[in-house]
Amino acid sequence: SGCNSESRGALVVLEGLDRSGKTSQSSRLLKYLEGLGHSVELWRFPDRSTNVGQMISSYLSNKSQLDDHTIHLLFSANRWEKRSLMETKLKTGTTLIVDRYSYSGVAFSSAKGLGDEWCKAPEIGLLAPDLVLYLDIQPEKAAERGGYGDEKYEQLEFQRKVAQCYQVLHDASWKIVDACQPIEDIEKQLQELVLECIMACQKGKPLANLWS
Ligand code: FDM
């Protein structure tokens, strides 16, 4: 089936505003790929299970205050603490579906006014995704979906700024998917894009580092 143990897995990232559907589409992708017999795992950032992740979680739920630069570096550290495991998984043939990554890191912090280049710097050397699936939705539409909780960034005005900041981050690895389509249509498009990407990785597409 082409799933031999010699070939590496793909690093697939889902990005988008809150309520764009990333989380439900990530789990649909996981089930789909598992069903095809692929070795695949679903990851998410922030990974709240680590010590750093708990500091982030407490900040997001307004239980602690941190300077904008400090929280930015914690989000980055939270990816760095998973980097070597990520590389091992990929090299041993496991595909990773990752719900948010460095692009969230840069978009959310630059939306607060931190400089783009400063925000990108601590991400240099993390693994570069093979594919970034951006679930595109207007902030107003996302807000209408409801379910904004009490977390720090879940406010329309801020999400508008984040949407603008995401726009300057697009590169060749990005595919923009209209997140206002029916769920099943989005699901189909994501499946095709991911299979294509997994195939390219199996055929020897090299792993790279950010930002490339
Ligand atoms: N977020 C997420 C950041 O600000 N920087 C990051 O590096 C990452 C990964 O944290 F509002 C923000 C985005 C979101 C919040 O994410 C928590 P989830 O997906 O709701 O857990």
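All values reported here derive from a predicted model rather than from experimental measurement.

Another point: the site of the ligand. If you check the shell around the ligand, you find 13 residues, and the closest are R48, R79, R100, G105 and F108. In the model, an oxygen atom of the ligand is placed 2.8 Å from a nitrogen or oxygen of the R79 side chain. Protein burial of the ligand: of its 480 Å² of free accessible surface, 94% is covered by the chains. Only α3 (68-91) and α4 (102-110) provide two or more residues apiece to the shell around the ligand.

On to the packing of helix α2 (residues 51-60) against α3. Running from N to C, α2 and α3 point in directions that differ by 140 degrees, and their axes come no closer than 9 Å. Comparing their axes, α3 and α2 come out oblique. Crossing geometry of α2 relative to α3 is assigned as left-handed. Every residue of α3 that contacts α2 at V52, G53, M55, I56, Y59 and L60 is listed here: D68, I71, L74, F75, A77, N78 and E81.

For the rest of this paragraph, the subject is the environment of L127. In this fold, L127 is placed in the loop between α5 (116-120) and β4 (131-136). The class for L127 is buried, based on a relative accessible area of 2%. Here the alpha-carbon distance between L127 and R79, two residues 48 residues apart in the chain, equals 9.6 Å.

Further remarks concern the confidence of the model for the protein. For the protein, mean pLDDT is 96; residues scoring 70 or higher make up 98% of the total. Both scores are available for the predicted complex, with the pTM at 0.96 and the ipTM at 0.98.

A word on the pairing of strand β3 (residues 95-99). On a regular strand, one side chain projects to one face of the sheet and the next to the other, so that they alternate. By the criterion of burial, β3 is predominantly enclosed, with 5 of the 5 residues buried. Of the strand pairs in this sheet, strand β1 (residues 11-16) and β3 are connected by 4 bridges, and their pairing is parallel. Paired with V13 across the bridge in β3 is V98. In terms of strand pairing, strand β2 (residues 40-44) meets β3 through 5 bridges, oriented parallel.

Scoring rules and cut-offs
- Residues numbered from 1 in each chain as written.
- Predicted model: local features only at pLDDT ≥ 70, side-chain atom pairs only at ≥ 80, totals over all residues.
- Heavy atoms only, no water.
- Near = heavy atom within 4 Å.
- Polar contact = N/O pair within 3.5 Å; in protein donor to acceptor, adjacent residues only side chain to side chain.
- Areas by Shrake-Rupley, 256 points an atom, 1.4 Å probe, with all protein chains shown as cover.
- Helix = DSSP H or I, 4+ residues; strand = E, 2+ residues; numbered from the N terminus.
- Axes fitted to C-alpha atoms, helices over the stretch in contact; angles between N-to-C directions.
- Parallel < 35°, antiparallel > 145°, perpendicular 65-115°, else oblique.
- Left-handed = near helix turned anticlockwise from the far one by under 90°.
- Contact = heavy atoms within 4.5 Å.
- Buried < 20%, exposed > 50% of the residue type's maximum accessible area, 1.4 Å probe, protein only.
- pLDDT = per-residue confidence, 0-100.
- Pairing = 2+ DSSP bridges.

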